[in-house]
Amino acid sequence: ALADAGIVRAIAGRLAVPGARIFLHTGSNADGLKRTQAEVEAKGAKTASKLADLTMPGTAADLVQATVDAFGGLDAVVHAAGFADRTALDDLDAQRLNRSLSTMPVAFAELMRSARPHLMKSACPRVVAVSSFIATKFQNVDLKFPAGAAAKAALEAMVKAAAVEYAPAGVPVN
């Protein structure tokens, strides 16, 4: 699981049961990561964690390998990375757009490529990606996130593609 705060913290908390093994990740929120890790461990789950930048190629693969190294395998992936970039379209340069795309759909694709062999060995594989209403709903209010909307919409398309590709192997992707 990828986690540090908010909805991701809630997901980690729900997954935390005695005997569960949960790998937590964040790009920069070390304090949030420590809090989430303590909460998850208090519920009886075993944890490992890492700070790493998903915008960097290879990071998602490194996270999968760190999970396998820590726990001897991988049964599920929860990709909930994202951030609110309110940069208006007229001010949105390639660097800002690429940051959103690298963190969300590009990192998800790398996670899937790296996790696939481990998921295929699991008795109960699962993949979940967290999107946002901004992928499909635009309003004439102060909720404009063009980079995030593009990235979350692309993430949703990647999830649909992965669901079709992984279904024959019994790996649900949502």
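The model shown is predicted, which means the values in this text are computed figures rather than measured ones.

Peer 1: How should the overall build of the protein be read in this particular structure?
Peer 2: The secondary structure content of the protein amounts to 5 helices and 4 strands. Of the regular secondary structure in the protein, the N- to C-terminal order runs α-β-α-β-α-β-α-β-α. Taken over C-alpha atoms, the radius of gyration comes to 16 Å for the protein, in line with the 16 Å a tight globule of 174 residues would show. The buried share of the protein, taken over its 174 residues, is 43%. The contacts in the protein between residues at least 6 apart in sequence include a share of 68% that link residues at least 24 apart. For the protein, the accessible surface area stands at approximately 9100 Å², while carbon and sulfur atoms represent 56% of it. The protein carries 19 positive and 16 negative side-chain charges, and their two centres are separated by 7 Å.

Peer 1: Just to check I follow, could you spell out the side chain of Gln37 for this structure?
Peer 2: Along the polypeptide, Gln37 turns up in helix α2 (residues 30-42). Residue Gln37 is classed as buried on the basis of its relative accessible area, which comes to 16%. Engagement of the side chain of Gln37 in a polar contact is seen with the side chain of Thr47, the distance being 2.8 Å. In this view, Gln37 contacts Leu24, Thr47, Ala48 and Ser49; residues no more than four positions away in its chain are not counted.

Peer 1: What should I look at first to understand the packing of helix α4 (residues 94-121) against helix α5 (residues 146-166) in this one?
Peer 2: Packed helices, taken two at a time, are described by the angle between their axes plus the distance between the axes. Here α4 crosses α5 at 20°, and the two axes come no closer than 8 Å. Relative to α5, α4 is oriented roughly parallel. Classified by chirality, the crossing of α5 by α4 is right-handed. Contact residues: Arg96, Leu97, Ser100, Leu101, Met104, Pro105, Phe108, Ala109, Met112, Arg113, Arg116 and Met120 in α4; Ala147, Gly148, Ala150, Ala151, Lys152, Ala154, Leu155, Met158, Val159, Ala162, Glu165 and Tyr166 in α5.

Peer 1: Explain the environment of Lys152 here, please?
Peer 2: Mapped onto the elements, Lys152 comes out in helix α5. Residue class for Lys152 comes out buried when judged on its relative accessible area of 7%. In sequence terms Lys152 and Ser100 are 52 residues apart; their C-alpha atoms lie 8.6 Å from each other. A polar side-chain atom of Lys152 sits 3.1 Å from the main-chain carbonyl oxygen of Ala81.

Peer 1: I keep staring at the pairing of strand β4 (residues 126-129) and nothing clicks. Help me out?
Peer 2: Regular strands place side chains that alternate from one sheet face to the opposite one. Side chains of β4 alternate between two faces, with Val127 and Ala129 buried and Arg126 and Val128 left unburied. Summarising the sheet, strand β3 (residues 76-79) and β4 pair through 4 bridges and their orientation is parallel. Paired with Ala76 across the two strands is Arg126, which belongs to β4. Running through α4, the crossover from β3 to the neighbouring parallel element β4 is right-handed.

Peer 1: I tried to follow α5 on my own but got confused; where do I start?
Peer 2: Since the α-helix advances by 3.6 residues per turn, residues separated by three or four positions end up pointing in the same direction. Spanning 21 residues, α5 covers 30 Å between terminal C-alpha atoms, matching the ideal 30 Å at 1.5 Å per step. Elements that come into contact with the buried residues of α5 comprise β3, α4 and β4.

Peer 1: For this particular structure, what's the right way to read the nonpolar core?
Peer 2: One recurring pattern in soluble globular proteins: nonpolar side chains tend to sit buried together. The biggest cluster of nonpolar side chains holds 26 residues, and the ones touching the most others in it are Leu74, Phe108, Met112, Val127 and Val173. The set of elements that each furnish at least two residues to this core consists of α3 (59-71), α4, β4 and α5. Of the residues forming this core, the biggest block, 6 residues, is contributed by α4. Once residues lying within four places of it in the same chain are set aside, the contact partners of Val173 are Phe108, Met112, Val127, Val159, Ala162, Ala163 and Tyr166.

Reading the values: the criteria
Residues numbered from 1 in each chain as written. Predicted model: local features only at pLDDT ≥ 70, side-chain atom pairs only at ≥ 80, totals over all residues. Heavy atoms only, no water. Helix = DSSP H or I, 4+ residues; strand = E, 2+ residues; numbered from the N terminus. Rg over C-alpha atoms; globule rule 2.2 N^0.38 Å. Buried < 20%, exposed > 50% of the residue type's maximum accessible area, 1.4 Å probe, protein only. Contact = heavy atoms within 4.5 Å. Areas by Shrake-Rupley, 256 points an atom, 1.4 Å probe, with all protein chains shown as cover. Lys, Arg positive; Asp, Glu negative; His and termini not counted. Charge placed at Lys NZ, Arg CZ, Asp CG, Glu CD. Polar contact = N/O pair within 3.5 Å; in protein donor to acceptor, adjacent residues only side chain to side chain. Axes fitted to C-alpha atoms, helices over the stretch in contact; angles between N-to-C directions. Parallel < 35°, antiparallel > 145°, perpendicular 65-115°, else oblique. Left-handed = near helix turned anticlockwise from the far one by under 90°. Pairing = 2+ DSSP bridges. Right-handed = clockwise from strand over helix to strand, strands pointing away. Expected span 1.5 Å × (residues − 1). Core = buried A, V, L, I, M, F, W, Y, C linked by side-chain atoms within 4.5 Å.

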